[in-house]
Each structure stands twice: as C-alpha cells, then as structure tokens.
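The chain contents come next:
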Amino acid sequence: MHRSDRLRSPFRTGFAAACAVLLVAALAPAALADDYDYDYDDDSSAEEFDSATWPLRYTRRPLVLAKGMAEIKAALGVDLSADVAFDTVFLAPSLMYGVSRQLTVGVDHERGVCFTSACGKTYNDIGLVALYSLMGKGSLQVAAQGGLRIPAFDPFAIGVEAGIDLRLTAGNLAIRTEPLFYFGVTKRDEVRKDVVSVPVWIELQVNEQTAAFLQSGISGPLSGFSDGYAVPVGIGAVFAVSNRIDVGGEVTFTNVGGANGGADGRVLLARAAFRI
C-alpha cells in the first residue's frame, strides 16, 4: 500500500463509521418506534433519582450519578485471542460516587487484578476519574470527563485523560460515544505515549430490563496513528436485576478493521454493577 493511502485509511474507516452512526440515528425514530410505554419524562436528570429509583432501562440512565449515590462495578475478563486463549484472566473493579447532581468522581482500572502469570504483575494500574454533566436532560446528554491514569506502577507511568461522554436517545435506541485523549507524562517511551480513542456503542432497549448493544470505534497512538490504529467490534447485553443491580456480558474482537487487523484478538467480559 502506498504511504499516502495508508495515511488516509484510518480516516476513511472513521468517516465510514460516523456515516453509519448518523444513518442509524436518522432512521431510528421510524424503524424502532416505542412498542411499549416508557413512562419517561425527557426533562428528568440525575438529581431526580437515587439508588432505589434509578431507571431500570439502561438507555434512559443519566451519564452521572445522583448526589450521594455510589456505584460499584466489576468486569471479569478472559483473553480468548488465538494462541494465547485463557493465558490472561483479570478482574477490573471501579467505584464511582455522586458528589453533586452534576459531578461524579471515582477510581477505575483498565485491567485491575490479574490472576495469571501472563500479565507479569498481579496489580499494575489505576485511574482517578471525574465526570461533569454539561447537558443532563432530554434525549441528548453530554458530560465532560477526565482524570489521572496510571497505566503501570512498575515502571511508574502516569498520564492525563480528557474527553467527553455523549448519548443520543431516540425511542428504544441510543447511540453513545466517549472520545478520550490520553497524554503521557512519565515513562512515555517505556509504557504509553499519547493515545486517542473514540469508542461508539449502539444500544437497543429490548424490554423493560434488558438492553443489547453493538460496539465499535477507532483508537491508536497520536504518533504513527496509521500504523497502530485499531477498530474493534463487539456485542453484548445488560440485564437490570433491579434498580440497584445489573449483570451483563460482552465479547469483543479487539482489532477487526485496524492496522494489521483480523479476528485473532478476542476478549470475553462478564460484568456486574451494584448501587447504593
């Protein structure tokens, strides 16, 4: 492939994905009109909920938590990639707290606790994160997000993250994206330099308690993006056991359409969430 074509290819991929998302958004109201009564007020926001009244419908939840509300999440992951299946098994927990009706803060992990020797370290990352609601009502919700990310303790690396969280809802369908930049501060060459990621989820509320989703997007290093970008494809579902408890799972092909893409990279995740 000519270098100029290689440089254009990730942007063509991103443009095609954006067009597909816009097309779905345009057709959603007609193709997926409500087939049951939502009993939902478009002017509601996080300030009107608590853990006991949190919406069952995944696509109708605020992007930030209600004031005084805490949410604990855990993702159990298994690497199913070709030739290394089951070599990596990890548990990534997170704890978020609603400081106010607009501000949610907490800690999360990319990998968290690793139960297998393939990781090298049992525990080797953490993130301090915050979300601030900019538009918390109606069908379009937007929140600013950012924080500090430590992708490795040994060697110690730290960076700054900044981005937005956006969800557009139309009937039973929602489209969500979280464009995020990571700017490495220390150990840039050894661990991680500057990275951009633009994940996209298309979420379908199947019934009162069940939501299914497709996931894709694009991510890669800012330096040498065309040689290192990835385009994942995944599918999953979330089931609301109650207002306080969710369970779910997903399987993701980590780089189907990116540089050196294929179906060899695969990750299976089982998720759970508890709110108090």
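Participant: For this particular structure, what's the right way to read the overall build of the protein chain?
Facilitator: Assigned secondary structure in the protein chain consists of two helices and 14 strands. Counting all 276 residues of the protein chain, 39% fall into the buried class. Sequence-distant contacts in the protein chain: of pairs separated by 6 or more residues, those separated by 24 or more amount to 50%. For the protein chain, the exposed surface amounts to about 13900 Å²; the carbon and sulfur share of it is 63%.

Participant: When you look at the environment of Ile-164 in this model, what are you seeing that I'm missing?
Facilitator: Along the chain, Ile-164 turns up in strand S7 (residues 156-170). The class of Ile-164 is partly exposed, set by a relative accessible area of 34%. Separated by 17 residues in the primary sequence, Ile-164 and Phe-181 place their C-alpha atoms 9.6 Å from one another. What Ile-164 contacts, discounting residues up to four positions off in sequence, is Ala-143, Ala-144, Gln-145, Thr-177, Glu-178 and Pro-179.

Participant: How should I be thinking about the packing of aromatic side chains in this particular structure?
Facilitator: The description of two aromatic rings rests on the distance between their centres and on the angle between their planes. Within the structure shown, the criterion is met by four aromatic pairs. When the ring of Phe-49 is compared with that of Trp-54, the centres are 5.9 Å apart and the planes differ by 75 degrees; the resulting orientation is edge-to-face. The burial state of Phe-49 is the same as that of Trp-54; both residues are buried. Its end group placed over the ring of Tyr-58, Arg-167 keeps NZ or CZ at 5.8 Å from the ring centre. Residue placement shows Arg-192 over the ring face of Tyr-182; its charged tip is 5.2 Å from the ring centre.

Participant: Explanation requested: the nonpolar core in the structure shown.
Facilitator: Note on soluble globular proteins: their nonpolar side chains tend to be buried together. Core analysis: the biggest nonpolar cluster contains twelve residues, these being Ala-46, Phe-49, Trp-54, Leu-63, Val-64, Leu-65, Ala-66, Met-69, Met-96, Val-129, Leu-131 and Ala-143. Core analysis: the next-biggest nonpolar cluster, separate from the first, contains six residues, Ile-218, Phe-225, Tyr-229 and Ala-259 among them.

Participant: Where do I start with a nonpolar patch on the surface in this structure?
Facilitator: On the surface, Ile-72, Leu-95, Phe-239, Val-241, Ile-245, Val-247, Phe-274 and Ile-276 cluster together into a nonpolar patch covering about 640 Å² of accessible area. Mapped onto the elements of the fold, Phe-239 is located in strand S12 (residues 233-240). For Phe-239, a relative accessible area of 35% puts it in the partly exposed group.

Participant: So what exactly am I meant to see when it comes to the state of the cysteines here?
Facilitator: A disulfide bridge is the covalent bond that connects two cysteines by way of their sulfur atoms. This structure, assessed with the given rule, holds one disulfide. Through a disulfide, Cys-114 is tied to Cys-119; the S-S separation comes to 1.7 Å. Disulfide Cys-114-Cys-119: the torsion about the S-S bond is 65 degrees, which places it as right-handed. In this structure Cys-114 comes out as buried when scored by relative accessible area, which is 4%.

Participant: Help me understand the pairing of strand S1 (residues 70-79), please; the structure alone is not making it clear to me.
Facilitator: A regular strand places its side chains on the two faces of the sheet in alternate fashion. Direction of pairing for S1 relative to strand S2 (residues 89-98): antiparallel, over a ladder of nine bridges. Counted as the bridge partner of Gly-77 is Phe-90 from S2. Sheet analysis places S1 next to strand S14 (residues 266-275), joined by nine bridges and oriented antiparallel. Note on S14: the bridge partner recorded for Leu-76 is Ala-270.

Participant: Please clarify how the pairing of strand S5 (residues 126-135) should be interpreted in this entry.
Facilitator: Of the strand pairs in this sheet, strand S3 (residues 103-108) and S5 are connected by six bridges, and their pairing is antiparallel. Along S5, the bridge assignment pairs Val-105 with Ala-130. Relative to strand S6 (residues 140-153), S5 runs antiparallel, the two sharing nine bridges. Across the sheet, the residue bridging to Met-135 is Val-142, located in S6. Between S5 and S6, which pair antiparallel and follow one another directly, the connecting turn spans four residues, one of which, Gly-138, has a positive phi of 85 degrees.

Basis of the calculations
Residues numbered from 1 in each chain as written. Predicted model: local features only at pLDDT ≥ 70, side-chain atom pairs only at ≥ 80, totals over all residues. Heavy atoms only, no water. Helix = DSSP H or I, 4+ residues; strand = E, 2+ residues; numbered from the N terminus. Buried < 20%, exposed > 50% of the residue type's maximum accessible area, 1.4 Å probe, protein only. Contact = heavy atoms within 4.5 Å. Areas by Shrake-Rupley, 256 points an atom, 1.4 Å probe, with all protein chains shown as cover. Phe/Tyr/Trp six-rings, centres within 6.5 Å; stacked < 30°, edge-to-face > 60°. Lys NZ or Arg CZ within 6 Å of the ring centre and 35° of its normal. Core = buried A, V, L, I, M, F, W, Y, C linked by side-chain atoms within 4.5 Å. Patch = residues over 30% accessible without salt bridge, like charges linked within 9 Å, V, L, I, M, F, W, Y side chains within 5 Å. Salt bridge = Lys/Arg side-chain N within 4 Å of Asp/Glu carboxyl O. Disulfide = S-S within 2.5 Å. Pairing = 2+ DSSP bridges.

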